[in-house]
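# Understanding the architecture of this molecule
In case you want the letters, here they are:
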Amino acid sequence: MTTTIDWQMSAALENVPRGDSELPEVTSLRGAVREWTTLDGEMQAEAVLTPERPVAVDDGEPVTAFAGLAIRALAERLD
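Report on the accompanying structure. (Residues numbered from 1 in each chain as written. Predicted model: local features only at pLDDT ≥ 70, side-chain atom pairs only at ≥ 80, totals over all residues. Heavy atoms only, no water.)

### Considering the pattern of salt bridges
For clarity, the threshold we go by: Any Lys or Arg side-chain nitrogen located within 4 Å of an Asp or Glu carboxyl oxygen qualifies as a salt bridge. We count a stretch as a helix when DSSP gives it H or I for four or more residues in a row; a strand needs E for two or more, and each element gets its number in order from the N terminus. Each residue's exposure class comes from its accessible area (1.4 Å probe, protein chains only) as a fraction of the maximum for that residue type: buried when under 20%, exposed when over 50%, partly exposed otherwise.
For the structure shown, the criterion picks out 2 salt bridges. Among the salt bridges present, the one from Arg 53 reaches Asp 6, with a minimum N-O distance of 2.5 Å. Of this pair, Arg 53 sits in the loop between β3 (48-51) and β4 (66-67) while Asp 6 sits in the segment before β1 (10-14), placing them 47 residues apart in sequence. Put simply, Glu 52 and Arg 53 hold a salt bridge, and the shortest N to O gap is 3.1 Å. According to the relative accessible area criterion, Glu 52 is partly exposed, its value standing at 48%. Connected through shared salt-bridge partners, Asp 6, Glu 52 and Arg 53 make up one network.

### A look at the pairing of β3
Formally: For two strands to count as paired, DSSP must find a minimum of two bridges between them.
Judged by which residues are buried, β3 turns out to be one-sided: Leu 49 and Pro 51 face inward and are buried, whereas Val 48 and Thr 50, on the alternate face, are not. Bridging between β1 and β3 involves 4 bridges; their strand directions are antiparallel. Among the inter-strand pairings, Ala 12 is bridged to a residue of β3, identified as Thr 50. Looking at chain direction, β3 and β4 are connected through 2 bridges and run antiparallel.

Encoded structure:
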């Protein structure tokens, strides 16, 4: 059984340089995951995605923050 992910909830994409600062971008979970897919490999590895609420993927334990391959796993579930 696959868990339904609320792609509309707010999420912050952190540790990503934006001009002269590294302010987190707050958008929807869908938007943050899509933004992550546009980053180069080094930036993807440094990024941290923090959703508004914990997310359970594939009936696993709810996760409060994602990084690296965990964000990629979310990206693979985008519709």
